[in-house]
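Below, each chain spelled out in residue letters.
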There are 2 protein chains.
Amino acid sequence: MLTADDAVDVLKGYLSKNGLKMTGQRELVTQVFFDPEHKEDHPTVEELYIRVRSLDTKVGYATVYRTLKLLTECNLANPTRFGENQTRYEPEQPGEHHDHMVCTECNAIIEFEDQRIEELQELVAEKLGFVLTDHKMVLFGEPLESCASSGCRRPD
Amino acid sequence: MLTADDAVDVLKGYLSKNGLKMTGQRELVTQVFFDPEHKEDHPTVEELYIRVRSLDTKVGYATVYRTLKLLTECNLANPTRFGENQTRYEPEQPGEHHDHMVCTECNAIIEFEDQRIEELQELVAEKLGFVLTDHKMVLFGEPLESCASSGCRRPD
DNA sequence: ATCCATGCAAAGGATTTGCAAAGAT
DNA sequence: ATCTTTGCAAATCCTTTGCATGGAT
């Protein structure tokens, strides 16, 4: 399991390798993004900005955007659209991959992994003449029981 | 196979059922959207607007947006994001479903269908306590042969 | 000392909306 | 006649960028 500190280290490596600099803001954004308390969140830039702001009121919106772009470049963040008009980001665990199920009743985002689907995706890509480099899969569904009683958590 | 005229009929039904009105613009947009010559396209609003404009210079941008929203409501259009900052729409065939493979070299969008994946998606949803109502799956991959020689068609 | 990063505000691009005029039932 | 739709422009939302200042190596 990648801790927030590990993530900061990975970012540091990426930055120095590219002649860029580690800064207090970049570290703070990374720490907040990887905070285990929000592990299952899929925050928007705004949500992350608010969390960062509560720790340092001077950080600008653009810095959060720019840092998230950096984190994406070094595979620490994964941007995804869940049918809304804004990008959500989730912390990446190296070597792990999961897809998402969105509850049509309460918009909760539930993570899952299915190795059989992943394998089939590679096969399909190959049959089409490609080497699979990435994929996005989002399932939408109605909960069998009402959300109140089920595991759905309203993310916003 | 749903023809453009069939689509117009479906739209008419939807409109009258909802106290809305068929208009020349709505019919034109629908015809252009379902034009068999562009069957495999996944046009953006702008691309569609340009095609519509070439037939009737007086149609407004907003009308194309609004018509596409109506078509989506009656399941004649399916909006999807392919990692760009704009929505692409594809004509829907009732009872048919396909997913997409995007070429990372030339951005060609290739359609495919895989029944095994569809089945697994339903199983996964069920196991999570949902009835699958929709899904989006986009694969990204590098072409085994360079695009020039392979089946990739540059869509834009 | 030299570059890079920051914060702000302005710009950008996609999409939506308000409104007066035109159109459909 | 009534209510909807249209086209235009303005507004909105998310995201990116330019620039002067502050910060990291």
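In this text the structure is predicted, and so the values were computed from the model without any measurement.

### What to know about the nonpolar core
With 28 residues, the main nonpolar core has Met101 of chain A together with Met101 of chain B as its most contacted residues. When neighbours within four sequence positions are excluded, methionine 101 of chain B is seen to be in contact with Ala125, Leu128 and Phe130 of chain A together with Ala108, Ile109, Ile110, Phe112, Leu139, Phe140 and Gly141 of chain B.

### Some points on the side chain of glutamine 121 of chain B
As for its position among the elements, glutamine 121 of chain B is in helix H5 (residues 115-127). Residue classification places glutamine 121 of chain B among the buried positions, given a relative accessible area of 0%. Non-local contacts of glutamine 121 of chain B, meaning those with residues more than four positions away in its chain, are made with Ile117, Met137 and Leu139 of chain A together with Leu132, His135 and Met137 of chain B.

### Looking at helix H1 (residues 4-17) of chain B
Residues and elements named next belong to chain B. End to end, H1 covers 20 Å across 14 residues, agreeing with the expected 20 Å (1.5 Å per residue, within 8%). Among all positions of H1, only Ala4, Ala7, Val8, Leu11, Tyr14 and Leu15 are buried. Along the axis of H1, the buried residues cluster in a sector spanning 125°; they form a single face. Facing away from the buried side of H1, by more than 90 degrees, are the exposed residues Ser16 and Lys17.

### Points about the protein's contact with DNA strand D
Neighbouring DNA strand D are 21 residues, the closest being Tyr65 of chain A together with Thr23, Arg26, Thr63 and Arg66 of chain B. Restricting the count to atoms of DNA strand D within 4 Å of the protein gives a sugar and phosphate share of 72%. Between DNA strand D and threonine 87 of chain A there is a distance of 3.0 Å, counted from a phosphate oxygen to a side-chain nitrogen or oxygen. Here threonine 63 of chain B contributes a side-chain N or O atom positioned 2.6 Å from a phosphate oxygen of DNA strand D. Those elements giving two or more residues to the surface near DNA strand D turn out to be helix H4 (61-73) of chain A together with helix H2 (24-33) and helix H4 (61-73) of chain B. Here the surface near DNA strand D is built from residues that sort into six nonpolar, eight polar and seven charged.

### Looking at the protein's contact with DNA strand C
Taken together, 21 residues surround DNA strand C, and among them Thr23, Arg26, Thr63 and Arg66 of chain A together with Tyr65 of chain B come closest. In this structure, a phosphate oxygen belonging to DNA strand C sits 2.7 Å away from a side-chain N or O atom of arginine 26 of chain A. Here a phosphate oxygen of DNA strand C sits 3.0 Å away from a polar atom, N or O, in the side chain of threonine 87 of chain B. Classifying every residue of the surface near DNA strand C gives six nonpolar, eight polar and seven charged.

### A closer look at a negative patch on the surface
All names here are of chain A. Together, Asp5, Asp6, Asp9 and Glu27 make up a region of like negative charge exposed at the surface. Examining the composition of the negative patch, we find that three residues originate from one element, helix H1 (residues 4-17), more than from any other. Relative to the elements of secondary structure, aspartate 6 occurs in helix H1.

### Section: the packing of H1 of chain A against helix H2 (residues 24-33) of chain A
Residues and elements named next belong to chain A. Packing of H1 against H2 brings their axes to within 9 Å, and their N-to-C directions diverge by 140°. One element, H1, and the other, H2, form an angle in the oblique class. Seen from above, H1 lies across H2 with right-handed handedness. Across the interface between the two elements, Ala4, Asp5, Ala7, Val8, Leu11 and Leu15 of H1 pack against Arg26, Glu27, Thr30 and Gln31 of H2. Split into classes, the residues belonging to the contact of H1 with H2 amount to five nonpolar, two polar and three charged.

### A closer look at the interface of chain B and chain A
Contacts between chain B and chain A engage 33 residues on the former and 33 residues on the latter. Approximately 2900 Å² of surface area, both sides summed, lies buried where chain B meets chain A, with 72% of it carried by carbon and sulfur atoms. When residues of chain B are sorted by the area they lose upon contact with chain A, Leu120, Phe130 and Phe140 of chain B head the list and together hold 20% of the total. Connecting chain B to chain A are twelve residue pairs in polar contact (both at pLDDT 80 or more). If you list the elements that add at least two residues to the side of chain B that touches chain A, you get strand S3 (99-103), strand S4 (109-112), H5 and strand S5 (130-143) of chain B. Ranked by residues supplied to the side of chain B that touches chain A, first place goes to S5 of chain B with 14 residues. Residues that form the side of chain B that touches chain A fall into these classes: 19 nonpolar, seven polar and seven charged. Note: strand S5 (residues 130-143) of chain A against S5 of chain B, 13 bridges, orientation antiparallel. Bridge pairing in S5 of chain B places leucine 139 of chain A opposite histidine 135 of chain B.

### Let's talk about the packing of aromatic side chains
Residues and elements named next belong to chain A. According to the stated counting rule, one finds six aromatic pairs over all chains in the structure shown. Taking the centre distance of 5.3 Å and the plane angle of 85° together, the rings of phenylalanine 33 and phenylalanine 34 count as edge-to-face. By the ring-pair criterion, three or more aromatic residues cluster together here, those being Tyr49, Tyr61 and Tyr65.

What counts, and where the lines are drawn
Residues numbered from 1 in each chain as written. Chains lettered and ligands numbered in written order. Predicted model: local features only at pLDDT ≥ 70, side-chain atom pairs only at ≥ 80, totals over all residues. Heavy atoms only, no water. Core = buried A, V, L, I, M, F, W, Y, C linked by side-chain atoms within 4.5 Å. Buried < 20%, exposed > 50% of the residue type's maximum accessible area, 1.4 Å probe, protein only. Contact = heavy atoms within 4.5 Å. Helix = DSSP H or I, 4+ residues; strand = E, 2+ residues; numbered from the N terminus. Expected span 1.5 Å × (residues − 1). Arc of directions from axis to C-beta. Near = heavy atom within 4 Å. Polar contact = N/O pair within 3.5 Å; in protein donor to acceptor, adjacent residues only side chain to side chain. Nonpolar A, V, L, I, M, F, W, Y, C, P; charged D, E, K, R; others polar. Patch = residues over 30% accessible without salt bridge, like charges linked within 9 Å, V, L, I, M, F, W, Y side chains within 5 Å. Areas by Shrake-Rupley, 256 points an atom, 1.4 Å probe, with all protein chains shown as cover. Salt bridge = Lys/Arg side-chain N within 4 Å of Asp/Glu carboxyl O. Lys, Arg positive; Asp, Glu negative; His and termini not counted. Charge placed at Lys NZ, Arg CZ, Asp CG, Glu CD. Axes fitted to C-alpha atoms, helices over the stretch in contact; angles between N-to-C directions. Parallel < 35°, antiparallel > 145°, perpendicular 65-115°, else oblique. Left-handed = near helix turned anticlockwise from the far one by under 90°. Buried area = accessible area lost by both parts, 1.4 Å probe. Pairing = 2+ DSSP bridges. Phe/Tyr/Trp six-rings, centres within 6.5 Å; stacked < 30°, edge-to-face > 60°.

In short, the description is geometric, and any link to function would need to be established separately.
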